[in-house]
Amino acid sequence: MAIAAAKGRLIAVIGDEDTCVGFLLGGIGEMNKNRQPNFMVVDKNTSISEVEECFKRFLKRDDIDIILINQNVAEMIRHVIDNHNEPIPAVLEIPSKDHPYDASKDSILRRAKGMFSAEDTK
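Residues numbered from 1 in each chain as written. Predicted model: local features only at pLDDT ≥ 70, side-chain atom pairs only at ≥ 80, totals over all residues. Heavy atoms only, no water.

The name given to the protein chain in an unreviewed UniProt entry is V-type proton ATPase subunit F, with Daphnia galeata as the source organism. Reading the Subunit (unreviewed entry) entry of the UniProt record for the protein chain gives the comment "V-ATPase is a heteromultimeric enzyme made up of two complexes: the ATP-hydrolytic V1 complex and the proton translocation V0 complex." (UniProt positions renumbered as here; feature names shortened; annotations may be inferred.)

Rendered as structure tokens:
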């Protein structure tokens, strides 16, 4: 654990312009040694294959521990997100300005709920 903390890990963001700019202003923007950023701005002209490729690239990077993705963007690549079952990088779906969070669509939350019975929450 101390080694990971000493090395430093990144948060990656895939989302609309407002989401990415907000996180970049918060200081998460980084470039790796190959000059690849840890964020992707998705707009109406971004293809599903581009989003999918970026997500897979973030999964392979050893300097990323958390991937934040707008839930509406996650819906575009749901099949890829559902196939990711490793704990790191953690994939967290977040709302965007124009699309509120819908817990019923969040595959990670559905998996977490499946780990507990109703009796566990009493």
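Caption draft 1: Representation of the nonpolar core in the model. Ranked by size, the top nonpolar core spans 18 residues in total, and within it Ile14, Phe55 and Ile69 carry the most contacts. Discounting residues that sit within four places of it in the chain, Phe55 has contacts with Ile14, Ile67, Ile77, Val80, Ile81 and Val91. The next biggest cluster of nonpolar side chains, apart from the first, holds five residues, and it includes Val13, Cys20, Ile28 and Leu68. (Core = buried A, V, L, I, M, F, W, Y, C linked by side-chain atoms within 4.5 Å. Buried < 20%, exposed > 50% of the residue type's maximum accessible area, 1.4 Å probe, protein only. Contact = heavy atoms within 4.5 Å.)

Caption draft 2: Geometry of the pattern of salt bridges. Here the structure, examined in full by the defined rule, presents six salt bridges. With a shortest N-O distance of 2.9 Å, Asp18 and Lys97 are connected by a salt bridge. Here Asp18 is found in helix 2 (residues 17-25), whereas its partner Lys97 is found in the loop between strand 4 (90-94) and helix 6 (107-114), with 79 residues between them in sequence. Asp18 gets classed as partly exposed once you look at its relative accessible area, which sits at 44%. A salt bridge links Arg78 to Glu93, with the nearest nitrogen and oxygen atoms 2.5 Å apart. Pair noted here: Arg78 is in helix 5 (residues 78-83) and Glu93 is in strand 4, with a separation of 15 residues, a long-range link. Taken as a pair, Arg78 and Glu93 share a single burial class, namely buried. (Salt bridge = Lys/Arg side-chain N within 4 Å of Asp/Glu carboxyl O. Helix = DSSP H or I, 4+ residues; strand = E, 2+ residues; numbered from the N terminus.)

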